[in-house]
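# Per-entry structural report
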Amino acid sequence: MPGLLRGVARTAVVAGTATAVSNRVSRRQAGRWAQQDAQQSYYAEPAAPPPAPPAAPAAPAAATMEEKLDQLKDLATLKEQGVLTEEEFAAQKARILGS
């Protein structure tokens, strides 16, 4: 039993040491990379200005009277089926007729 315990303790020490060394190497390498990035950005050419935002989409063409009537008929059908309430129907009707 003492041999087994000694082997487990030795493994724990070796693993702990390996982890500590690995972490230190990783931190050192990350520091070097950060330093290189800082130097490159210092000597790099100035960044180009950001691109202009895309143009706003054009407003949709005014709906024809036939399109408005079709939309109103569809709304009336939905209201009859119980999908739309009276308030929802009135709001959509006002939106269609107002456009």
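Placed above this text is the structure.
This write-up is about the structure you can find in this document.

## What about the overall build of the protein chain?
- Assigned secondary structure in the protein chain consists of 3 helices and 0 strands.
- Secondary structure elements of the protein chain, listed N to C terminal, follow the sequence α-α-α.
- Among the 99 residues that make up the protein chain, the fraction classed as buried is 6%.
- Per element, the accessible surface of the protein chain, about 8800 Å² overall, is 62% carbon and sulfur.

## Here's the deal with the pattern of salt bridges
- A complete count under the given rule lists 1 salt bridge for this structure.
- When the shortest N-O distance is used, the salt bridge between E86 and K79 registers 2.9 Å.

## Some remarks on a positive patch on the surface
- On the surface, R24, R27, R28 and R32 cluster together to form a positively charged patch.
- Mapped onto the fold, R27 is located in helix α1 (residues 2–43).
- The class for R27 is exposed, based on a relative accessible area of 58%.

## Digging into the nonpolar core
- Core analysis: the largest hydrophobic core is formed by 5 residues, namely L72, L75, L84, F89 and I96.
- Of all the elements in the fold, those that place two or more residues in this core are α2 (65–81) and α3 (86–98).
- Ignoring sequence-local partners within four residues, the contact set of L84 consists of L75, L78 and K79.

## Points about α2
- Across its 17 residues, α2 extends 24 Å between first and last C-alpha, which sits within 8% of the 24 Å expected from 1.5 Å per residue.
- The set of residues buried in α2 consists of K68, L72 and L75. Looking down the long axis of α2, one finds its buried residues gathered within 60° of arc, a one-sided arrangement. More than 90 degrees from the buried face of α2, the exposed residues found are E66, K73, E80 and Q81.
- Buried positions along α2 lie against α3.
- Looking at the residues trailing α2, positive phi occurs at G82, about 90°.

## Quick word on the packing of aromatic side chains
- Applying the stated criterion to the full structure yields 0 aromatic pairs.
- Here the basic side chain of K79 rests over the ring of F89, its NZ or CZ set 5.0 Å away from the ring centre.

## Some thoughts on the packing of α2 against α3
- It is the contact of α2 with α3, at a shortest axis distance of 10 Å, that shows an interaxial angle of 175°. In terms of orientation, α2 lies roughly antiparallel with respect to α3. Residue-level inspection shows K68, Q71, L72, L75, A76 and K79 of α2 in contact with α3, the latter providing E86, F89, Q92, K93, I96 and L97.
- Its residues placed into classes, the contact of α2 with α3 shows 6 nonpolar, 2 polar and 4 charged.

Conventions used here
Residues numbered from 1 in each chain as written. Predicted model: local features only at pLDDT ≥ 70, side-chain atom pairs only at ≥ 80, totals over all residues. Heavy atoms only, no water. Helix = DSSP H or I, 4+ residues; strand = E, 2+ residues; numbered from the N terminus. Buried < 20%, exposed > 50% of the residue type's maximum accessible area, 1.4 Å probe, protein only. Areas by Shrake-Rupley, 256 points an atom, 1.4 Å probe, with all protein chains shown as cover. Salt bridge = Lys/Arg side-chain N within 4 Å of Asp/Glu carboxyl O. Patch = residues over 30% accessible without salt bridge, like charges linked within 9 Å, V, L, I, M, F, W, Y side chains within 5 Å. Lys, Arg positive; Asp, Glu negative; His and termini not counted. Charge placed at Lys NZ, Arg CZ, Asp CG, Glu CD. Core = buried A, V, L, I, M, F, W, Y, C linked by side-chain atoms within 4.5 Å. Contact = heavy atoms within 4.5 Å. Expected span 1.5 Å × (residues − 1). Arc of directions from axis to C-beta. Phe/Tyr/Trp six-rings, centres within 6.5 Å; stacked < 30°, edge-to-face > 60°. Lys NZ or Arg CZ within 6 Å of the ring centre and 35° of its normal. Axes fitted to C-alpha atoms, helices over the stretch in contact; angles between N-to-C directions. Parallel < 35°, antiparallel > 145°, perpendicular 65-115°, else oblique. Nonpolar A, V, L, I, M, F, W, Y, C, P; charged D, E, K, R; others polar.

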